[in-house]
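Chain residues, written in single-letter form:
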Amino acid sequence: MTVPLILSILCQYINGMGYKAIQGPSNNPAPDGLYISVVAGNVRQVGDVDRPGPAAAADNKYKAIMKVLTVQFYEVEGDGEAIRAVQNALQSDEFDSFVASHSPASEHGKDPGFSVWEIGDIIDNSMQDGTYFIQQKTMTADFNFVDYIGHVSPRMMSVNGTINEEPFHSEVSNG
């Protein structure tokens, strides 16, 4: 899963709800009327890398790295009802099904999707811009996904060393 793909899926879902959603920031002019801007924030790693056991070259093993993407949602020219509808929808079974149906094909049985990690509060971010009052609400949500990195560390066939100053040798005899 990639950050641009997550943003794209979020925008597609919000557009399907009947709201205008755009990926931000953009060098394009802002749309007229109410719209929701979906902006990627930080990506952080949660926990350590999950490393599988030894793998032969023919094996399909992967290191799994759990990531969390923070997304900022901005409802512009609205009273907060649209972003509240999005907040509720992100917690629905329909959203989970939509993500599953719009995620790329699974590679070797690995989950290519993402899920909601945590949803924040809706905050008033309205402002005065010269003579214009711009009504805006904002909300953050965290989404988790997993990066998979191919793993082909072969198993050790023998070990040499010392234990308590005594020579040590061990060898795999069953292949």
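Everything that follows concerns the structure shown earlier in this document.
My aim in this report is to walk through the structure given alongside it, one point at a time. Everything numeric in this text was worked out from a predicted model, so none of it was measured.

### Overview of helix α1 (residues 3-16)
For step 1, the next point in the chain: Counted at 1.5 Å a residue, the expected span for α1 with its 14 residues is 20 Å, and the 20 Å between its end C-alpha atoms agrees.
For step 2, the next point in the chain: Regarding α1, the residues found buried are Ile6, Leu7, Ile9, Leu10, Cys11, Tyr13 and Ile14.
For step 3, the next point in the chain: Among the residues trailing α1, glycine 18 stands out with phi positive, at a value near 100 degrees.

### Here we look at the pattern of salt bridges
Opposite charge on two side chains makes pairing possible when the charged atoms of those side chains draw close.
For step 1, the next point in the chain: Under the definition given, this model contains three salt bridges.
For step 2, the next point in the chain: Of the charged contacts in the structure, one is a salt bridge between aspartate 142 and arginine 44, with a shortest N-O distance of 3.4 Å. Pair noted here: aspartate 142 is in strand β8 (residues 136-151) and arginine 44 is in strand β2 (residues 35-45), with a separation of 98 residues, a long-range link.
For step 3, the next point in the chain: Using a relative accessible area of 12% as the deciding quantity, one classes aspartate 142 as buried.

### A few points about the environment of arginine 44
For step 1, the next point in the chain: Of the residues examined, arginine 44 reaches a relative accessible area of 36% and is grouped as partly exposed.
For step 2, the next point in the chain: Measuring from C-alpha to C-alpha, the distance between arginine 44 and proline 25 comes to 20 Å, with 19 residues separating the pair along the chain.
For step 3, the next point in the chain: Not counting chain neighbours up to four residues away, the residues in contact with arginine 44 comprise Met66, Lys67, Val68, Thr70, Trp117 and Asp142.
For step 4, the next point in the chain: A distance of 3.4 Å separates a polar atom in the side chain of arginine 44 from a polar atom in the side chain of aspartate 142.

### Points about the pairing of strand β10 (residues 166-171)
For step 1, the next point in the chain: With zero of its six residues buried, β10 lies for the most part at the surface.
For step 2, the next point in the chain: Strand direction decides the pairing type here: strand β9 (residues 158-163) and β10, joined by six bridges, are antiparallel. Paired with serine 158 across the strands is glutamate 171, a residue of β10.
For step 3, the next point in the chain: Counting the residues that bridge the hairpin from β9 to β10 gives two residues, and of these asparagine 164 lies at a positive phi of roughly 50 degrees.

### A word on the nonpolar core
For step 1, the next point in the chain: Ranked by internal contacts, the top residues of the largest apolar core, which has 27 residues, are Leu10, Val38, Phe73, Leu90, Phe114 and Phe143.
For step 2, the next point in the chain: The set of elements that each furnish at least two residues to this core consists of α1, β2, β3 (61-76), α2 (81-89), α3 (93-102) and β8.
For step 3, the next point in the chain: Examining the composition of this core, we find that seven residues originate from one element, α1, more than from any other.

### Examining α2
For step 1, the next point in the chain: Among the residues of α2, those classed as buried are Ala82, Ile83, Val86, Gln87 and Ala89. In an axial view of α2, the angular spread of the buried residues amounts to 165 degrees, which keeps them on one side of the axis.
For step 2, the next point in the chain: Buried residues along α2 sit against α1, β2, β3, α3, β4 (114-119) and β8.

The rules we used
Residues numbered from 1 in each chain as written. Predicted model: local features only at pLDDT ≥ 70, side-chain atom pairs only at ≥ 80, totals over all residues. Heavy atoms only, no water. Helix = DSSP H or I, 4+ residues; strand = E, 2+ residues; numbered from the N terminus. Expected span 1.5 Å × (residues − 1). Buried < 20%, exposed > 50% of the residue type's maximum accessible area, 1.4 Å probe, protein only. Salt bridge = Lys/Arg side-chain N within 4 Å of Asp/Glu carboxyl O. Contact = heavy atoms within 4.5 Å. Polar contact = N/O pair within 3.5 Å; in protein donor to acceptor, adjacent residues only side chain to side chain. Pairing = 2+ DSSP bridges. Core = buried A, V, L, I, M, F, W, Y, C linked by side-chain atoms within 4.5 Å. Arc of directions from axis to C-beta.

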